[in-house]
Amino acid sequence: MANTITHFTHPEHRLFLTYKPESFCCDLCKTSGTGIRLRCDTCNFDLHQSCISYPKTLSFFAHPWHTLVLEDHSASTVGPTVCCDLCCEPLKGFYYKCIPCGFNLHPSCSLSPKIVRTRFHPVTSSHLCRLLAAALLVTRI
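Residues numbered from 1 in each chain as written. Predicted model: local features only at pLDDT ≥ 70, side-chain atom pairs only at ≥ 80, totals over all residues. Heavy atoms only, no water.

*Asks:* Could you clarify how one ought to interpret the nonpolar core in this entry?
*Replies:* Grouped burial of nonpolar side chains is what soluble globular proteins tend to show. With 27 residues, the main nonpolar core has Leu-28, Leu-47, Leu-68 and Leu-105 as its most contacted residues. Listing elements by their share of this core, those giving two or more residues are strand S2 (10-25), strand S3 (32-40), strand S4 (45-47), strand S5 (57-60), strand S6 (63-72) and strand S7 (94-97). When residues of this core are assigned to their parent elements, the largest contribution, three residues, is made by S7. If you count residues domain by domain, this core takes at least three from each of domain 1 (4-48) and domain 2 (57-111). (Core = buried A, V, L, I, M, F, W, Y, C linked by side-chain atoms within 4.5 Å. Buried < 20%, exposed > 50% of the residue type's maximum accessible area, 1.4 Å probe, protein only. Helix = DSSP H or I, 4+ residues; strand = E, 2+ residues; numbered from the N terminus. Domains from an automatic or database assignment.)

Laid out in structure tokens, this is it:
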């Protein structure tokens, strides 16, 4: 990886690959991290190394009808709490949104596999568990 990059989430300045031992809050996923990050000292903007790989648009198996677009939720200061339609947890920072449908997804949830194994479904089970978005399980009135 280069020591500096330009990233669409922070187009104002280049981000520098930096190591600092103190913790930081990633400005994309809003979770904490320590150590290596991509940083703009001018703006106090930090990204996890893993977060720079999220694309601007995404096709997702649990919402195959439309393309999802990465949006900045922290820019929106009004309105009710918006939740991820896969895990049902509140969205903070950047998230994927379906503009026509309003389907919302954490970037980290976009990495979820289609098929999961849990302690409730042993490997010896005769069928597989498929991951579905919570929004697909709710009847809309």
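*Asks:* How do you make sense of unusual backbone geometry when you look at a structure like this?
*Replies:* Glycine aside, the phi torsion of most residues is negative, and most peptide linkages are trans. Positive phi, close to 55 degrees, is recorded for Asn-44, a residue that is not glycine. Examined against the element boundaries, Asn-44 turns out to sit in the loop between S3 and S4. Backbone geometry places Cys-88, a non-glycine residue, at a positive phi of 70 degrees. Assignment of secondary structure puts Cys-88 in the loop between S6 and S7.

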